Amino acid sequence: MVFDVLTLFPGMFDSPFADSIVGKAVDKGLVQITAHHLRDWAQGKHKVTDDVPYGGGDGMVLKPEPVARALRELRCRQPGSKVLLMTPQGQPFRQAHARRLAQQEGLIFLCGRYEGFDERIRTMVDEEFSLGDFVLTGGELAAMAMIDAVARLVPGVLGNRDSADGDSYSDGLLEYPQYTRPADFEGMSVPDVLLSGNHAAIAAWRRRQQILRTWLRRPELLETACLSDEDRLVLREVQRQTGEDCAS
Ligand SMILES: C[S@@+](CC[C@H](N)C(=O)[O-])C[C@H]1O[C@@H](n2cnc3c(N)ncnc32)[C@H](O)[C@@H]1O
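Once a new chain begins, its residue numbering starts again from 1 and follows that chain's sequence as written. Note on the predicted model: pLDDT of at least 70 is required for a residue's local features to be given, and 80 or more for side-chain atom pairs to be given and counted; whole-chain, interface and lining totals, by contrast, use all residues. The basis for every side-chain value is the complete set of non-hydrogen atoms in the structure, without hydrogens or water.

What follows concerns helix 1 (residues 20-28). Each residue's exposure class comes from its accessible area (1.4 Å probe, protein chains only) as a fraction of the maximum for that residue type: buried when under 20%, exposed when over 50%, partly exposed otherwise. Only DSSP runs of H or I reaching four residues or more are called helices, and only runs of E reaching two or more are called strands; each is numbered from the N terminus. Regarding helix 1, the residues found buried are Val 22, Gly 23 and Ala 25. Along the axis of helix 1, the buried residues cluster in a sector spanning 160°; they form a single face. Among the exposed residues of helix 1, those pointing more than 90 degrees away from its buried face are Ser 20, Lys 24, Asp 27 and Lys 28. Pairs of residues are marked as contacts when any of their non-hydrogen atoms sit within 4.5 Å. At its buried positions, helix 1 is contacted by strand 2 (32-37) and helix 4 (140-151). Looking one or two places after helix 1, you find Gly 29, whose phi comes out positive at around 80°. It is the directions from the helix axis to the C-beta atoms that the arc portrays.

Put into structure tokens, the structure is as follows:
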């Protein structure tokens, strides 16, 4: 899968994808990540990419022409690519988006700076994404987070050791708590069931923990999660129990 990034700071992308799982995927040729300098598509002696806002006000606005030229060229090189605009005004990025975007042949990330993009740039993009309800100085960190989340879902990137199947949000719920050795750490012991070797009991405990955690931390996720009849029984029990705990 090909990830292209349009940015005024391509050097920011040198190190985050050099190591670990995504770094290995790059080495194996499973993903290709290229940060392009927007200035390469700017014209004139000074290669200007921004200008003052019409109507006055603080800050600078990214001009539409270099972006349009860059997108035309990048789309020619990789015709199947979708263009994603990084903006705090976009739809909040979620795991379901990562799963969908991982099916694409290519993605082009548009990273803003200063006051952001000229409004007309919105007509050139397929989707707008926000990393959350806060304002970053630029779109690069948002693009990096999205690339990381999407790249790990590209087939072959994660081995069995790092499967994404049980991750939080993969089935609409948060993941169950995980433990490793030692069995006792400073008086905190691992739940007995995990040491029992009883696989059915472990699976039931983990599912219950997923439901409990989601109910306690992100109850709104339960409205859309895929729950079996058995899960719903567990949820009712968990709700009753935590309700009683709160009341007592
Ligand atoms: C300082 S921000 C501009 C914010 C803009 N004036 C506004 O209020 O909507 C500069 C750039 O950072 C990026 N950015 C800032 N916050 C972001 C967020 N939460 N998610 C994604 N990108 C963000 C965008 O690319 C944006 O164009």
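The rest of the description comes next.
The next subject is the domain arrangement of the chain. By a frequent convention, interface size equals the accessible area lost on bringing the separate parts together. Domain segmentation is taken from an automatic or database assignment of domains. When the domains of the chain are assigned, the result is domain 1 (2-151) and domain 2 (168-247). Computed from C-alpha coordinates alone, the two centres of domain 1 and domain 2 are separated by 38 Å.

Each salt bridge in this description consists of a side-chain nitrogen of Lys or Arg and a carboxyl oxygen of Asp or Glu lying within 4 Å of one another. Counted under the stated rule, the structure contains 13 salt bridges. With a shortest N-O distance of 2.9 Å, Arg 207 and Asp 231 are connected by a salt bridge. Here the residue Arg 207 occupies a position in helix 6 (residues 199-217), and Asp 231 occupies one in helix 7 (residues 229-247), the gap between them amounting to 24 residues. You can call Asp 231 buried: its relative accessible area is 7%. One salt-bridge network, held together by shared partners, links Glu 119, Arg 122 and Glu 128.

This next bit is on the site of the ligand. Surrounding the ligand, one finds 20 residues, the nearest of these being Met 86, Gln 89, Gly 112, Phe 134 and Leu 136. As used in this structure description, the phrase polar contact means that two N or O atoms lie within 3.5 Å; if the pair is within protein, one of them must be able to donate a hydrogen and the other to accept it, and residues adjacent in sequence are counted only when both atoms belong to side chains. Note that an oxygen atom of the ligand is positioned 2.9 Å from one of the backbone N or O atoms of Gly 112. Within the contact set of the ligand, a nitrogen atom lies 3.1 Å away from a backbone nitrogen or oxygen of Glu 115. Working definition of accessibility: Shrake-Rupley area with a 1.4 Å probe, residue cover restricted to the visible protein chains. For the ligand, the protein covers 85% of the area, taking 580 Å² as the surface of the free molecule. Grid points spaced at 1 Å and placed over the protein atoms alone form the basis of the search, with a cavity being a set where a 1.4 Å probe fits but cannot get out and a pocket an open set showing protein on both sides within 12 Å along at least five of seven lines. Lining residues have an atom within 4 Å of a point. In this scheme, a molecule is assigned to a cavity or pocket if more than half of its atoms are within 2 Å of the grid points. Most atoms of the ligand, that is more than half of them, are within 2 Å of grid points of the largest pocket. At the level of elements, strand 5 (82-92) and strand 7 (127-130) are the ones that each hand at least two residues to the shell around the ligand. Looking at which element gives the most residues to the shell around the ligand, the answer is strand 5, with four residues. Among the residues making up the shell around the ligand, the classes are represented as nine nonpolar, nine polar and two charged. Residues are counted as near a molecule or strand when any one of their heavy atoms sits within 4 Å of it. Following the grouping adopted for this structure description, the nonpolar residues are Ala, Val, Leu, Ile, Met, Phe, Trp, Tyr, Cys and Pro, the charged ones are Asp, Glu, Lys and Arg, and the polar ones are all others, Gly among them.

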